[in-house]
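Letter by letter, the chains look like this.
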Amino acid sequence: MHNAKPSGDIVFPELTEDVVGRIAATADARVGKVMETLIRHLHAFVREASLSHEEWRNAIEFLTRTGKMCSESRQEFILLSDILGVSMLVDAVSNSAGTGLTDSTVLGPFYSGRQRELEDGDTILLREEDGPPLIVEGTVASRNGAPIRNALVEVWQTAPNQLYDVQDDAQPEGHLRASFRTDERGNFSFKSGLPVSYPIPDDGPAGQLLQMMGRHPFRPAHVHFMISASGHRTLVTHLFLCGDAYLESDAVFGVKPSLIVTPEERDGSQRIVYHFGLEPLD
Ligand SMILES: [Fe+2]
């Protein structure tokens, strides 16, 4: 009769202690710690929300549909994590920030793994696109400002039709994504087109959840960066364009003020110059 307790009391506390208590002493210490925390918070959530059988069944069906939506080119669980702010929170507890370090943000579901490596100054376009041309000039340095040579700079972004190549059969594979290496001074540059704001894929469970919460699915225009260099923590970040209508309401909570840039026009192109600071390991 655990559910007959007067309000204010914790419902069935001994169940939580029983579940936590059965984590074996032989379990890996980190597994034990993470699972105890998860169980305690999950039980507290059920108590606080007073979940009904029907709601819990709906939740399980929702997660089942989320899993079934996943494929080689669609990662619905990342979307779910992103729209609930979990991806940004994991990032916040895992990365340090501070002087000399570039803020990180979400990886997102559209990183497609190893991509073609281009020479400095090359274009990441595999076909012509409408819209203003973009030039990105970056420097990669360690926290103390020392340039990092031979850093791997991976970039990816949407086409003007609001889609990444992996979402759009009409785009050549690898369009608007590529990798570069920094030179002796830590510099790299590439040509592209100005990115646009776009809705995250909202035709699945994550989109339905957004709709139920009365939220829009849009992300402000951005270019993704993943920068890896020996002896440094890999930096996963974006650069966002100043003035975008969705900077204040990014569907995945990824915007940080230090990552908003204002392109300058030069010779008919928009130009972004940015300094990336990486955290040394140790
Ligand atoms: Fe993106």
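Residues numbered from 1 in each chain as written. Predicted model: local features only at pLDDT ≥ 70, side-chain atom pairs only at ≥ 80, totals over all residues.

K.L.:
Kindly report on the packing of helix 4 (residues 76-83) against helix 6 (residues 205-212), identifying the contributing residues and their values.
P.N.:
One can describe the packing of helix 4 onto helix 6 by two numbers: an axis separation of 8 Å at closest approach and a directional angle of 25 degrees. With respect to each other, helix 4 and helix 6 are oriented roughly parallel. Contacts from Glu76, Leu79, Leu80 and Ile83 in helix 4 reach Pro205, Ala206, Leu209 and Leu210 in helix 6. (Axes fitted to C-alpha atoms, helices over the stretch in contact; angles between N-to-C directions. Helix = DSSP H or I, 4+ residues; strand = E, 2+ residues; numbered from the N terminus. Parallel < 35°, antiparallel > 145°, perpendicular 65-115°, else oblique. Contact = placed C-beta atoms within 7 Å.)

K.L.:
So what's going on with helix 6? Which residues, and what values?
P.N.:
Because an α-helix packs 3.6 residues into every turn, residues spaced three or four apart end up facing the same way. Those residues of helix 6 not exposed but buried are Pro205, Ala206 and Gly207. Gly214 lies just past helix 6 and shows a positive phi near 75 degrees. (Buried ≥ 20, exposed ≤ 12 C-beta atoms within 10 Å, placed from the backbone.)

K.L.:
Can you lay out the sheet that holds strand 7 (residues 222-228) for me, pointing to particular residues and giving the numbers?
P.N.:
Pairing is mixed across the open sheet formed by 5 strands, whose spatial order is 3-2-7-8-9. A strand with exactly one partner marks an edge of an open sheet, and here the two such strands are strand 3 (177-181) and strand 9 (260-261). Here strand 2 (residues 152-156) runs beside strand 3; their pairing, made up of 5 bridges, is antiparallel. Note that in strand 3 the partner of Trp156 across the bridge is Arg177. (Pairing = 2+ DSSP bridges.)

K.L.:
Give a description of the domain arrangement of the protein chain that names residues and reports values.
P.N.:
The domain boundaries assigned to the protein chain delineate domain 1 (2-50) and domain 2 (96-278). For domain 1 and domain 2, the distance between their C-alpha centroids amounts to 41 Å. (Domains from an automatic or database assignment.)

K.L.:
Outline helix 2 (residues 29-49), listing residues and values.
P.N.:
Between the first and last C-alpha of helix 2 there are 30 Å, a value that for 21 residues agrees with the 30 Å anticipated at 1.5 Å per step. Burial analysis of helix 2 places just 0 of its 21 residues in the buried class, which makes it a mostly uncovered element. Ser50, located one to two residues past helix 2, shows a positive phi value of around 45 degrees. (Expected span 1.5 Å × (residues − 1).)

K.L.:
I'd love a proper account of the sheet that holds strand 1 (residues 133-142), names of residues and values included.
P.N.:
Reading across the sheet, the 4 strands line up as 4-1-11-10 and stay open at both edges, with mixed pairing between neighbours. Both outer strands of the open sheet, strand 4 (187-193) and strand 10 (264-266), are each paired with one neighbouring strand and no more. The mean inter-strand angle of the sheet, taken between neighbouring strand axes irrespective of direction, is 30 degrees. Pairing between strand 1 and strand 4: 7 bridges, direction antiparallel. Note on strand 4: the bridge partner recorded for Leu134 is Ser192.

K.L.:
Quick rundown of the environment of Ser104? Include the residues and the values.
P.N.:
Summarising the element assignment, Ser104 is placed in the loop between helix 5 (86-94) and strand 1. Between the C-alpha atom of Ser104 and that of Gly138, which follows or precedes it by 34 residues, the distance is 16 Å.

K.L.:
Please set out the packing of helix 1 (residues 13-21) against helix 2 residue by residue, giving values where relevant.
P.N.:
Contact geometry for helix 1 and helix 2: axes closest at 10 Å, N-to-C directions at 160 degrees. Considered as vectors, helix 1 and helix 2 are oriented roughly antiparallel to each other. As helix 1 runs across helix 2, the sense of the crossing is right-handed. Across the interface between the two elements, Thr16, Val19 and Val20 from helix 1 touch Glu36, Ile39, Arg40 and His43 from helix 2. Grouping the constituent residues of the contact of helix 1 with helix 2 by class yields 3 nonpolar, 2 polar and 2 charged. (Left-handed = near helix turned anticlockwise from the far one by under 90°. Nonpolar A, V, L, I, M, F, W, Y, C, P; charged D, E, K, R; others polar.)

K.L.:
Requested: an account of unusual backbone geometry, with residues and values cited.
P.N.:
One non-glycine residue with positive phi stands out, namely Gln162, at about 75 degrees. Within the element layout of this structure, Gln162 appears in the loop between strand 2 and strand 3. Even without glycine at this site, Asp282 takes up a positive phi of about 80 degrees. Note on placement: Asp282 falls in the segment after strand 11 (269-278).

K.L.:
Report on the environment of Pro147, specifying residues and quantitative values.
P.N.:
Looking at where Pro147 falls in the secondary structure, it is placed in the loop between strand 1 and strand 2. Sequence separation of Pro147 and Asn187 is 40 residues, and the distance between their C-alpha atoms is 8.1 Å. Residues within four places of Pro147 in sequence aside, it is in contact with Thr139, Ala141, Arg185 and Gly186.

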